[in-house]
Amino acid sequence: MKGLLSIAVAVAALAAVPLVVHSNVVFNFLAATLVIALAGQGWNILGGYGGQYSFGHAAFFGTGAFMNAILQVQYDVNAWISFAVGIAAGAIVGAIIGGLAFRAGLRSSYFALVTLAFAEVLRILASIAPITGAGVGLLVKLDLRVQSFQFHSRAAFYFVILALVALALVIARFLERSRFGTWLIAVRENEDAAMALGVDTFAIKLAAMVLSATITAAAGCFYVQYFLFIDSGIAYGTWISIEALLTPIIGGVGSVFGALVGALAVKSLGEGAKLVTGDVPGLDLMIYGAVLILVIRFAPRGIVGAFADTRERVARRFIAGTSVREAIRG
Amino acid sequence: MLDDQLSLSRRRFLSTTALGVAAASASLAMPSFPRAQNAHVKVGLLHPVTGALSYSGQQGRIGATMAVEEINTAGGIKALGGAKIEPMLGDAQSTPEGGTAEVEKMNAADVSCIIGGYASSICLAVSQAAARYDLPYVVDVGVADSIVTRGLKNTFRFSPGFGVITKTALDNLTIINGQAGKPAKTVIIVHEDSLFGSGLAKLLNAQLPPKGFEILETIPHPTPTRDFANVVLKIKAQNPDLVIPANYYNEYVLLARTMQEQHVRPKGIYSVLGGAASSYKFVKEFPDAAKYVMDCNHWFNPKSAKAQELKKNVEDKGQFFTYELYLNYSAVLLVADALERAASADRVKLITALENSTFASPIMPYGPTKFVNGQNQGAAPVNTQVLDNDIKVILPPEFASAKPVFPVPT
Amino acid sequence: MLSPLILCSVVLNGLMVGAVYALVALGLTLIYGVLHIINFAHGALLSAALFAAFFAYQKLGLDPYLAAILLAPLFFAFGYALQRFIIGPASHGDDRNMLLVTLGLAVLIENALLCAFRADTRTVELAYGFRTIDFGFTFLAVPRVISFATVFVMALALWLIMILTDTGKAIRAVAKEKLGAELAGIDVAHIYALAFGLGTACVAIAACVLIPTYYVNPMAGNAFVLVAFTIVVLGGMGSVPGALIGGLVTGVVESLGGFFFGESLGQLGIFLIFIAVLLVRPRGLFGAST
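Residue positions within a chain follow its written sequence, with the count starting from 1. As they are written, the chains are lettered A onward and the ligands numbered 1 onward, keeping that order. Totals for whole chains, interfaces and linings use all residues, but because this is a predicted model, local features are given only for residues with pLDDT of at least 70 and pairs of side-chain atoms are given and counted only at 80 or more.

### Here's the deal with the overall build of chain C
Helix and strand content of chain C: 11 helices and 2 strands. Ordered by position in the sequence, the α and β elements of chain C form the string α-α-α-α-β-β-α-α-α-α-α-α-α. As defined in this context, the radius of gyration uses C-alpha atoms, and a globule is described by 2.2 Å times the residue total to the power 0.38. In terms of overall size, chain C behaves like a compact globule, its C-alpha atoms giving a radius of gyration of 19 Å where 290 residues would be expected to give roughly 19 Å. Taken along the three principal axes of its C-alpha coordinates, chain C extends 60 × 45 × 35 Å. Counting other C-beta atoms within 10 Å of its own, a residue is labelled buried from 20 upward, exposed at 12 or fewer, and partly exposed in the gap between, with every C-beta atom placed from the backbone. Looking at chain C as a whole, 60% of its 290 residues are labelled buried. Restricting the contact set of chain C to residue pairs at least 6 apart, pairs at least 24 apart contribute 78%. Only DSSP runs of H or I reaching four residues or more are called helices, and only runs of E reaching two or more are called strands; each is numbered from the N terminus. Each residue is represented by a C-beta atom placed from its backbone, and any two residues with such atoms within 7 Å are regarded as in contact.

### A few points about the overall build of chain A
Along its length, chain A carries 15 helices and 2 strands. The C-alpha radius of gyration computed for chain A amounts to 21 Å, which stays within 12% of the reference 20 Å derived for 330 residues, consistent with globular compactness. The C-alpha extent of chain A, read off along each of the three principal axes, is 80 × 55 × 40 Å. Of all 330 residues assigned to chain A, the portion counted as buried reaches 57%. A separation of at least 24 residues holds for 77% of the contacts in chain A among residues at least 6 apart in sequence.

### Some thoughts on the nonpolar core
What we call a nonpolar core is a set of buried Ala, Val, Leu, Ile, Met, Phe, Trp, Tyr and Cys residues whose membership is set by joining through C-beta atoms within 7 Å. With 372 residues, the main nonpolar core has L38 of chain A together with L23, A49 and A53 of chain C as its most contacted residues. Considering every element that reaches this core, the biggest residue donor is helix α1 (residues 4–35) of chain C, with 19 residues. Domains are outlined according to an automatic or database domain assignment. Looking at which domains feed residues into this core, each of domain 1 (35–159 + 305–376) and domain 2 (163–297 + 382–395) of chain B gives three or more. Ignoring any residue separated from it by four or fewer positions in sequence, one finds L23 of chain C in contact with S147, T150, V151, M154, C202, I205, A206 and V209 of chain C.

### Digging into the interface of chain C and chain A
Residue-level contacts link 37 residues of chain C with 33 residues of chain A. At the level of secondary structure, the elements contributing two or more residues to the side of chain C that touches chain A comprise α3 (64–91), α4 (95–117), α9 (222–235) and α11 (263–280) of chain C. When residues in the side of chain C that touches chain A are grouped by element, the largest group, 15 residues, is from α4 of chain C. Amino acid classes used here: Ala, Val, Leu, Ile, Met, Phe, Trp, Tyr, Cys and Pro are nonpolar; Asp, Glu, Lys and Arg are charged; the rest, including Gly, are polar. When the residues that make up the side of chain C that touches chain A are grouped by side-chain class, the tally is 27 nonpolar, 7 polar and 3 charged.

### Points about the sheet that holds strand β8 (residues 242–246) of chain B
Residues and elements named next belong to chain B. Two strands are said to pair when DSSP picks up at least two bridges between them. The sheet built from 7 strands is open, its strands ordered β7-β6-β8-β9-β10-β13-β14 with mixed pairing. Of all the strands in the sheet, the pair left with one neighbour each is β7 (214–221) and β14 (390–395). In this sheet, adjacent strand axes meet at a mean angle of 25° when their direction is disregarded. The sheet contact formed by strand β6 (residues 186–192) and β8 spans 5 bridges and is parallel. Its bridge partner being in β8, V190 is matched across the sheet by P245. Lines are fitted to the C-alpha atoms to define the axes, a helix being fitted only along its stretch in contact, and any angle between axes, read from their N-to-C directions, falls within 0 to 180 degrees.

### Let's talk about the interface of chain C and chain B
Each partner contributes residues to the interface: chain C has 27 residues there, and chain B has 24 residues. In terms of residue count, α1 of chain C provides more of the side of chain C that touches chain B than any other element does, 5 residues in total. Looking at side-chain class alone, the side of chain C that touches chain B contains 13 nonpolar, 10 polar and 4 charged residues.

### Description of the packing of helix α9 (residues 229–238) of chain B against α1 of chain C
Running from amino to carboxyl end, α9 of chain B crosses α1 of chain C at an angle of 160°, the nearest separation of the two axes being 10 Å. The pairing of α9 of chain B with α1 of chain C is recorded here as roughly antiparallel in orientation. Both α9 of chain B and α1 of chain C take part in a crossing whose hand is right-handed. Between α9 of chain B, through A229, N230, L233 and A237 of chain B, and α1 of chain C, the contact on the second element is made entirely by I6, S9, V10, N13 and V17 of chain C. In this scheme, roughly parallel covers angles under 35 degrees and roughly antiparallel covers those over 145, while 65 to 115 is roughly perpendicular and the rest are oblique. Crossing handedness is defined as follows: a turn of the near helix away from the far one that is anticlockwise and smaller than a right angle gives a left-handed crossing, while the clockwise case is right-handed.

### Concerning unusual backbone geometry
Residues and elements named next belong to chain B. Cis peptide bonds are those with omega within 30 degrees of zero, and the linkage from L395 to P396 qualifies with 0°. Looking at the secondary structure, you find P396 in the segment after β14. Residues other than glycine seldom take positive phi values, yet Q93 does so here, at roughly 55°. Along the polypeptide, Q93 turns up in the loop between β2 (84–91) and α5 (96–108). On the basis of neighbour count, Q93 is assigned to the buried category, with 27 C-beta atoms found within 10 Å.

### Some points on the packing of helix α13 (residues 258–277) of chain A against helix α14 (residues 283–298) of chain A
Residues and elements named next belong to chain A. Contact pair α13 / α14: the axes reach a minimum separation of 8 Å and the direction vectors enclose 130°. By the angle between their axes, α13 is oblique relative to α14. Relative to α14, the crossing made by α13 is right-handed. Within the contact between the two elements, α13 uses L269, G270, A273, K274 and T277 and α14 uses L283, D284, I287 and V291.

### Considering the pairing of β8 of chain B
Residues and elements named next belong to chain B. With 5 of its 5 residues buried, β8 lies for the most part within the structure. Alternating positions in β8 separate into two faces, L242, I244 and A246 on one and V243 and P245 on the other, with burial throughout. In this sheet, strand β9 (residues 268–272) lies alongside β8 in parallel orientation, the contact comprising 2 bridges. By the bridge assignment, L242 is partnered in β9 with G268.

### Focus on the environment of S401 of chain B
All names here are of chain B. As for its placement among the helices and strands, S401 is situated in the segment after β14. Assessed through the 14 C-beta atoms surrounding it within 10 Å, S401 is described here as partly exposed. Measuring from C-alpha to C-alpha, the distance between S401 and P302 comes to 7.3 Å, with 99 residues separating the pair along the chain. Apart from residues lying up to four places away in sequence, S401 is in contact with P302, K392 and V393.

### Thoughts on helix α5 (residues 79–103) of chain A
Helical periodicity: at 3.6 residues per turn, an α-helix aligns residues three or four positions apart in one direction. The span you would expect from a helix comes to 1.5 Å times its residue count less one. The terminal C-alpha atoms of α5 of chain A lie 36 Å apart, and with 25 residues this matches the ideal 36 Å at 1.5 Å per residue to within 8%. Within two residues after α5 of chain A, G105 of chain A carries a phi angle of roughly 70°, on the positive side.

### Considering helix α6 (residues 120–131) of chain B
Residues and elements named next belong to chain B. In this model α6 runs 16 Å from its N-terminal to its C-terminal C-alpha over 12 residues, within 8% of the 16 Å that 1.5 Å per residue would give. With respect to burial, α6 is a largely interior element, 12 of its 12 residues being buried. Every buried residue of α6 is accounted for by S120, S121, I122, C123, L124, A125, V126, S127, Q128, A129, A130 and A131.

### Some thoughts on the pairing of strand β3 (residues 113–116) of chain B
Residue and element names in this part refer to chain B. Going residue by residue along β3, you find C113 and I115 tucked away on one face and I114 and G116 tucked away on the opposite face as well. Pairing of strand β1 (residues 40–47) with β3 involves 4 bridges; the strand directions are parallel. By the bridge assignment, V43 is partnered in β3 with C113. Judged from the 3 bridges that link them, β3 and strand β4 (residues 137–139) form a sheet pairing that is parallel. Paired with I115 across the strands is V138, a residue of β4. Handedness of the crossover joining β3 and β4 through α6 is recorded here as right-handed. When the strands point away from the viewer and the connection leading from the first strand across the helix to the second strand turns clockwise, the crossover is called right-handed.

### What to know about the confidence of the model for chain C
Caution applies to low-pLDDT regions: their predicted coordinates should not be interpreted in detail. Confidence in the prediction for chain C averages 86 pLDDT; 98% of positions are at 70 or higher. Model confidence for the complex: the whole-complex pTM is 0.86, and ipTM, which rates the interface, is 0.83. Note: pLDDT gives the predictor's confidence per residue, expressed from 0 to 100.

This is the structure:
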């Protein structure tokens, strides 16, 4: 229960923001940040807990996004239904890619490469197929009604994505507590040993991949509802693959809040960087690259990990200090 | 210049970062920057100055800010008591999300209007985001027809869109071909495979055959394309009279160079919205490959003294006088004129003023201005050709400074 | 259109393009062979080298082929320093961390170039840049023929270094058995850095050879990165002959695919082959079985 409490507190804090702030600029910023947090949480399931670093999570983001857009634009399907189908489509793609990659026993660099390749293949296909609008992309009609899953108020969108993120946090927490989670972490720590102990590593990795893909696909579906435009570069581009892995790494890989913390940190950093760098092109992204390297170097467990480490160190110091004092007092 | 960019000011912090806006709107006290509505009219200038499109974005911003400076130096908006235009510079970061975020910030800062966008995908997102606030938005470049056909009352485009450009290109091609005695029958189209290239290719495929041209092949290619040897091989093998390229600068350069390398010399290269075909940079760096290339594109009116003066100003500063620059310049002038006629910085009044605008840009070769559904009906591209190491307008005759040379002399 | 002469031209074009791919892939495979990671910064390094070659031409008047003599050692030092002082220490020895650090470097380098030199494309106009050799049915540009020759020279040079020099033997020892090499007294961190340096030097030479027929901007290297990965996997990670043959084969396949199915689908073909190789025979044509 305690684990869920921390999630509830965090979500409540974020949900309270619209009570204090009434600026659409902020809601837009937070909504965009939470989309990345959601995509990153998806990556975190497979990468953080499972140790399988995918460099092509765009494949799931884009599939969710395109499925959602295609159903609405080409087939006039209700937005809520197409959203759900988009998520399912992402899961299926996850199963296919995961199935192929893990069946072939791909790991580390090879796994990163094959996921990258799949994302690229999808991007190229989307850029030439008429159903995805080919080069033009797809434009979802502006229709600010609840039936179309669009809202007049930006705050409403914010609550939707916050709810999705909350769900993803809860999923991660349950994962941590479950036997599945234990096996997954075992695969991450030492796959061969896990196999030797009788764990069906293929099934575990595949399940993690499907779950991961589902969550990231949801982020893609939401992106379309919010920005109403998608094309092959946005859907399957390397930008989202990189952001989906950057945020949990920086925030704290393999932790429940890692992706959320990372997304908030990275996006805030981006805003702050723009402030300092103005419009000198590239300077803010240079900072991203540098931060990634520095985090790996000095805080490989990310912000959340560094927090936990500091807490441990302080606690140890406190306990050590206390017992010495007690010893002196006799 | 770096100092300007690095200097912090409280006002800038508060208005340009989401954090700042959060702080400002969360505080219960009055906003701490002065609302000097009488002395200034805020206009948002939104361009992709960072990211993949940064060159175009920077050029666009230069053009827009030049216009703002000129207007302010000449006394500002007279109908508002000489109010100066206060530009709020925004960076779309070459993505639709970046553009949307900037719209939110500009809206929060109470701009009267937003100008810019550049790429069609950014323009689409920005127009929608702005529509939520009835915030007038003037597109600078974005040519996709869908930008002005969605019934958004707030969106205006002073420059021509796809449909018009393609139609003019085809009409002019027929004219040029006819004037030369119809030496061209066969065509190969080489286009980049995203929004602009594919859209263009589709229209060309539909409209060229009825005009008597035979399309031998339509060759799409991705952006970026590393090598055009095979594309040129196909062209060489089929020996078309005309090659019609529609791609971005880098690919066009590679294509042109490869054609030169392989001694492929069709009767003419007729580009539509060419990335480099009407680019001074291209002419300067590849004089041989650029010779005689024709383009149907955005261009300024060479017979306008004002345009020539502007061009000289820009080139004296070491920049190229590119379409992003003068299209933005015109867009700002359009908005200033609308502000004068509306005699108000109010958004809704500005939209009405834009709808009724008959503003004629001093530097653009357009017909009389009339907005229908946000599209200026007078907007038109012109045909240019690279002659004597310079880019000359060859059609329509009222703006032409040279006669077309077609077919290419052997 | 399907005359044998045309086909011949297509294959020749493919070989020319493939030669450049192979040059880029040589460095990558070397780095993989020793460090066992895919260097995601490879494309950004290529872009940096292109800029270096450009400025060598513009400011020093150096012909790119001569500039290679200057730039190869310069980039070797740069690569050595990158691995020794940034990548190595940052990764704490974990493969996955190394991947991320190289990714971070890619973002950093590419945007540093953007920041310093802006996004506009620059090109180099050489007097002999358009000169061609007439083969009757096709013209081959002189710079392309030079690239083709260069890749063989490079591959041979690398192979000789590996086989004959002590350093080469040490590199091969570390590649095969890191722990054993360490126990034998080899400074592994130094060897890692050497390998990275060599790989980067290869990239510099590739850039010098590429610049007469290509262009320079911060994103230029990216266009080659994914193809380079494909070749390294196809040829076998760590195999110099593999990179050479893989590069040429990939060039020809891309050329034929692009010619018959369109350039966009040709790109698709490359990736599908890539995925197929990864799934079926990850060690590639010449790679060692893990």
